[in-house]
Amino acid sequence: MNTAADRDERFLNRAVALSKKGMEMGAGGPFGCVIVREDEIVGEGYNQVTSINDPTAHAEVMAIRDACKNLGTYQLNDCEIFTSCEPCPMCLGAIYWARPKRVVYANTRAEAAAIDFDDDLIYREINIPINDRQIPFIHQPNKNAQAVFDEWKKWEGKTKY
């Protein structure tokens, strides 16, 4: 009998297989992800940071891009994400923007840190006052930038997301 746990394990195993594939290909770190709608995989990804020279090419981001392209949408609210590791802060943000129903992950961020993928710096930086961050963030108000925001606020044809 197929239980919900069996189903989760099946999709999680596919994410883990992608993490191994990407690692063995030398594409990037050992991370894989699948996106599922009902019982169908609609998006897949593995880490490709070093192979395509893109620091945003994490497994979850690649899978979200793939699923959105395949489904013709920018929201995955009827989907689930299965990933080989607890998402980093960037992927966590991407996941919230995509709005899936849930996320199932295998390894923890502590386990990732133990193999030199330590996202703790970013988690800490998020909560530090902007003037105390390791990378300087300089607020420079710009009237043209504000005008675009004002125009967006009034724009009747916008698609809210």
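Our subject is the structure listed above.
None of these values were measured; they are calculated from a predicted model.

A.B. asks: What am I meant to see in the sheet that holds strand β3 (residues 79–85) here?
C.D. replies: The pairing of strands in a sheet happens through backbone hydrogen bonds and is either parallel or antiparallel. Judged by pairing direction, the sheet is mixed, and its four strands sit side by side in the order β2-β1-β3-β4 without closing on themselves. One side of each edge strand has no neighbouring strand; the edge strands of this open sheet are β2 (40–46) and β4 (102–107). When strand polarity is set aside, the average angle formed by the axes of neighbouring strands in this sheet is 15°. For strand β1 (residues 32–37) and β2, the ladder comprises six bridges, and the chain directions are antiparallel. From the neighbouring strand, V34 faces β2, where its bridge partner is E44. Against the sheet, helix α2 (residues 59–71) touches β1, β2 and β3, its axis set at about 140° to β2.

A.B. asks: I tried to follow α2 on my own but got confused; where do I start?
C.D. replies: A turn of α-helix holds 3.6 residues, and therefore any two residues three or four places apart point the same way. Helix length check: α2, at 13 residues, gives a terminal C-alpha distance of 18 Å against a target of 18 Å (1.5 Å per residue), a fit within 8%. A59, E60, V61, M62, A63, I64, A67 and C68 are the residues of α2 that are buried. Taken together, the buried residues of α2 touch β1, β2, β3 and α3 (89–98). G72 lies just past α2 and shows a positive phi near 70°.

A.B. asks: Sorry if this is basic, but what is going on with the packing of aromatic side chains here?
C.D. replies: The way to describe two aromatic rings as a pair is by their centre distance and the angle between their planes. Evaluation of the coordinates by the stated rule reveals five aromatic pairs. Where F11 meets F82, the ring centres are 5.3 Å apart and the plane angle is 45°; that geometry is what we call tilted. Here the residue F11 occupies a position in helix α1 (residues 4–25), and F82 occupies one in strand β3, the gap between them amounting to 71 residues. Across this residue pair, the class does not change: F11 and F82 are buried. Here W97 and Y161 contribute two aromatic rings whose centre-to-centre distance is 6.0 Å and whose plane-to-plane angle is 55°, an arrangement assigned as tilted. With a gap of 64 residues between them, W97 in helix α3 and Y161 in the segment after α6 (143–154) connect regions that are remote in the sequence. Both residues of the pair, W97 and Y161, count as exposed. Aromatic ring contacts, followed pair by pair, group Y74, W97 and Y161 into a single cluster. The ring of F11 has R10 lying over it, and the distance from NZ or CZ to the ring centre is 4.4 Å. The ring of Y123 carries R109 above its face, with NZ or CZ at 3.9 Å from the centroid.

The rules behind the values
- Residues numbered from 1 in each chain as written.
- Predicted model: local features only at pLDDT ≥ 70, side-chain atom pairs only at ≥ 80, totals over all residues.
- Heavy atoms only, no water.
- Pairing = 2+ DSSP bridges.
- Helix = DSSP H or I, 4+ residues; strand = E, 2+ residues; numbered from the N terminus.
- Axes fitted to C-alpha atoms, helices over the stretch in contact; angles between N-to-C directions.
- Contact = heavy atoms within 4.5 Å.
- Expected span 1.5 Å × (residues − 1).
- Buried < 20%, exposed > 50% of the residue type's maximum accessible area, 1.4 Å probe, protein only.
- Phe/Tyr/Trp six-rings, centres within 6.5 Å; stacked < 30°, edge-to-face > 60°.
- Lys NZ or Arg CZ within 6 Å of the ring centre and 35° of its normal.

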